[in-house]
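Listed here are the chains, written in short residue letters.
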Amino acid sequence: MAVWALGINHTTAPLDLRGRFAFALDQIAPTLQGLRQSLGGTGHHPGVETAIISTCNRTEIYCAGNAPAMDHTLGWLAQSGGVSPALLRSHSYTLEDSLVARHAFRVASGLDSMVLGEAQILGQMKDAVRAAETAGALGTTLNQLFQRSFAVAKEVRSSTEIGAHSISMAAAAVRLASQLFEDLGKIRVLFVGAGEMIELCATHFAARNPKQIAIANRTLERGEKLATRFGGEVMRLADLPERLHEFDAVISCTASSLPIIGLGAVERALKKRRHRPMFMVDLAVPRDIEPEVKALGDVYLYTVDDLASVVQTAQANRQAAVAQAEAIIDAGVQSFMHWMELRSPAAEAGAVVPLIQQLNAQTDEWRALEIARAKKLLAKGEDVDAVLEALSRGLTQKMLHGTLAELRAGDAEMRAQTAQTVSRLFLRSQAKPPHGL
């Protein structure tokens, strides 16, 4: 099996280009079906496994199949975003085999994020994997890749301080707001949306006890739940243009495909505010706030990319943690590639499959002998319990005979090696093996 990946992120593509390739979670299933049909339609890649990770900072396609189809995958993604393959290629990265595993492990661990060590990406990856699984697009290979990604990320977070020095997007927004307003306790804050990022931002701002908190959301029920938590009010998105002037700070992050706060609405709000400054943060991809708003003299508008310089602080303090994390990732990559090699046709044909067949044949022979012996004893009228006891003892003795003989043979070093192998094979815990093994 070949594994390949194609992606764009905050380091390779500008915000507006990333917006063309942003897929909402409910779009993932039909998008994956379209991609798989496209790959299958070439006649060379039947049964290709696919998954898509789409966040405000990245869109990545992961595939596994008999042979890599990088150009075809890139052409399909370019068409879905309405750009030329050449333009997409100039802003994307392509990876194969071990490089795919390394990248996925680094993404899951927060090493490839705008905010080094941030934990949100891990949940987003898990959501993407569930969506791919629900769509029937996830097979054994990609499932192994992602499950190992999650395990590596867990080890990185538990064994290093990779996230200890990071500043989240939400904390960065509060820091920027405090530079504009002397006292955050005197401002009114509007949050547009009610997703995970808005909840995180609201948590950070609420800790500074602003004068007012309001939540504007398309569905009132979810907005009310968040507003109640922070002692705020809820409003409909439709009412936002008429009430925008009431707020000093606006933080927006929705899944809308089009901007929901336009230039005209902000201009009218500023007029009503008599040009008192407004602080605005647009964390959505595609944008929630029209980019022309940034040119207004009394508006301080920041996007996810603008926050990059704020969150990349204390770099030197993180180098040791990064080195530790990379070592954990190296070990994870080696383990995944070893698993891939064991599944290769050459490995199976050369060693694993024939050995499994021989073992099955041998155990079938032993089982047949013991069953025949048991039937004879039962025909003679022997006690059933005694016959079953003899059958089980006979099978056990046959299966352990070679093992016990090896433990008694050879020098001390050979016996020690054999003992380790026997312990691993026969005395391992009863935990379920990893999926696919």
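Look above for the structure.
Caption draft 1: Spotlight on the sheet that holds strand S4 (residues 93-96). Strand order in this open sheet of 4 strands is S2-S3-S1-S4, and the pairing throughout is antiparallel. This sheet does not close on itself; its edge strands, each paired only once, are strand S2 (49-54) and S4. The average angle at which neighbouring strand axes cross in this sheet is 15 degrees, direction not considered. In the sheet, strand S1 (residues 2-9) pairs with strand S3 (residues 58-65) via 8 bridges, with the strands oriented antiparallel. Residue pairing in the sheet places Gly7 in a bridge with Glu60 of S3.

Caption draft 2: Looking closely at a nonpolar patch on the surface. Residues Met399, Leu400, Leu404, Leu425, Phe426 and Leu427 make up a contiguous nonpolar surface patch of roughly 580 Å² in combined accessible area. Among the elements that line the nonpolar patch, the one with the most residues is helix H16 (residues 384-408), at 3 residues. Mapped onto the fold, Phe426 is located in helix H17 (residues 412-426).

Caption draft 3: Structural detail: the pattern of salt bridges. Counted according to the given criterion, the structure contains 20 salt bridges. Where Arg58 meets Asp112, a salt bridge forms, and the shortest distance between an N and an O atom there is 2.8 Å. Within this pair, whereas Arg58 is found in strand S3, its partner Asp112 is found in the loop between helix H5 (98-108) and helix H6 (120-134), the two being separated by 54 residues in sequence. When the shortest N-O distance is used, the salt bridge between Asp330 and Arg102 registers 2.4 Å. Highlighted residues: Asp330 in helix H14 (residues 315-342) and Arg102 in helix H5, separated in sequence by 228 residues. Judged by relative accessible area, which is 28%, Arg102 ranks as partly exposed.

Caption draft 4: Inspection of the environment of Ala69 at higher detail. For Ala69, the location among the structural elements is in the loop between S3 and helix H3 (70-81). For Ala69, a relative accessible area of 7% puts it in the buried group. Once the C-alpha coordinates of Ala69 and Ala5 are considered, the two residues, 64 residues apart in sequence, prove to be 9.8 Å apart.

Caption draft 5: The arrangement of the nonpolar core in detail. Tyr62, Phe105, Leu145 and Phe146 are the most contacted members of the largest nonpolar core, which has 67 residues in total. With 9 residues, H14 is the single largest residue contributor to this core. For Tyr62, the contacting residues outside a window of four places in its chain are Trp4, Ala5, Glu49, Thr50, Ala51, Ile53, Val100, His103, Ala104, Leu142, Leu145 and Phe146. Counting residues in hydrophobic clusters, the runner-up holds 36 residues, among them Ala170, Ile198, Leu283 and Val310.

Caption draft 6: Structural view of the pairing of strand S5 (residues 188-192). The buried fraction of S5 amounts to 4 of the 5 residues, a majority that puts the element mostly inside the structure. As defined by bridge partners, S5 adjoins strand S6 (residues 212-217) across 5 bridges and the pair is classed as parallel. Opposite Leu190, over in S6, you have Ala214 as the bridge partner. Regarding topology, helix H9 (residues 196-206) serves as the crossover connection from S5 to the parallel S6, and that connection is right-handed.

Caption draft 7: Local environment of the environment of Met70. Of note, Met70 is situated in helix H3. The exposure class assigned to Met70 is buried, which follows from its relative accessible area of 12%. Among all residues touching Met70, those that are not within four sequence positions of it are Trp4, Ala5, Leu6, Thr94, Leu95 and Glu96.

Caption draft 8: Spotlight on the sheet that holds strand S8 (residues 249-252). A sheet is described by the order of its strands in space; here 6 strands give the open sequence S7-S6-S5-S8-S9-S10, paired in parallel fashion. In this open sheet, the two strands that pair with only one neighbour each are strand S7 (233-236) and strand S10 (299-303). With direction set aside, neighbouring strand axes in the sheet form an average angle of 20 degrees. Here S8 runs beside strand S9 (residues 278-282); their pairing, made up of 4 bridges, is parallel. Within S9, the residue paired with Ser252 across the bridge is Asp282. The sheet strands contacting helix H8 (residues 169-180) are S9 and S10, and the helix crosses S9 at an angle near 165 degrees. Contacts between helix H10 (residues 220-229) and the sheet are confined to S6 and S7, with S7 contributing the most and set at about 160 degrees to the helix.

Cut-offs applied
- Residues numbered from 1 in each chain as written.
- Predicted model: local features only at pLDDT ≥ 70, side-chain atom pairs only at ≥ 80, totals over all residues.
- Heavy atoms only, no water.
- Pairing = 2+ DSSP bridges.
- Helix = DSSP H or I, 4+ residues; strand = E, 2+ residues; numbered from the N terminus.
- Axes fitted to C-alpha atoms, helices over the stretch in contact; angles between N-to-C directions.
- Patch = residues over 30% accessible without salt bridge, like charges linked within 9 Å, V, L, I, M, F, W, Y side chains within 5 Å.
- Areas by Shrake-Rupley, 256 points an atom, 1.4 Å probe, with all protein chains shown as cover.
- Salt bridge = Lys/Arg side-chain N within 4 Å of Asp/Glu carboxyl O.
- Buried < 20%, exposed > 50% of the residue type's maximum accessible area, 1.4 Å probe, protein only.
- Core = buried A, V, L, I, M, F, W, Y, C linked by side-chain atoms within 4.5 Å.
- Contact = heavy atoms within 4.5 Å.
- Right-handed = clockwise from strand over helix to strand, strands pointing away.

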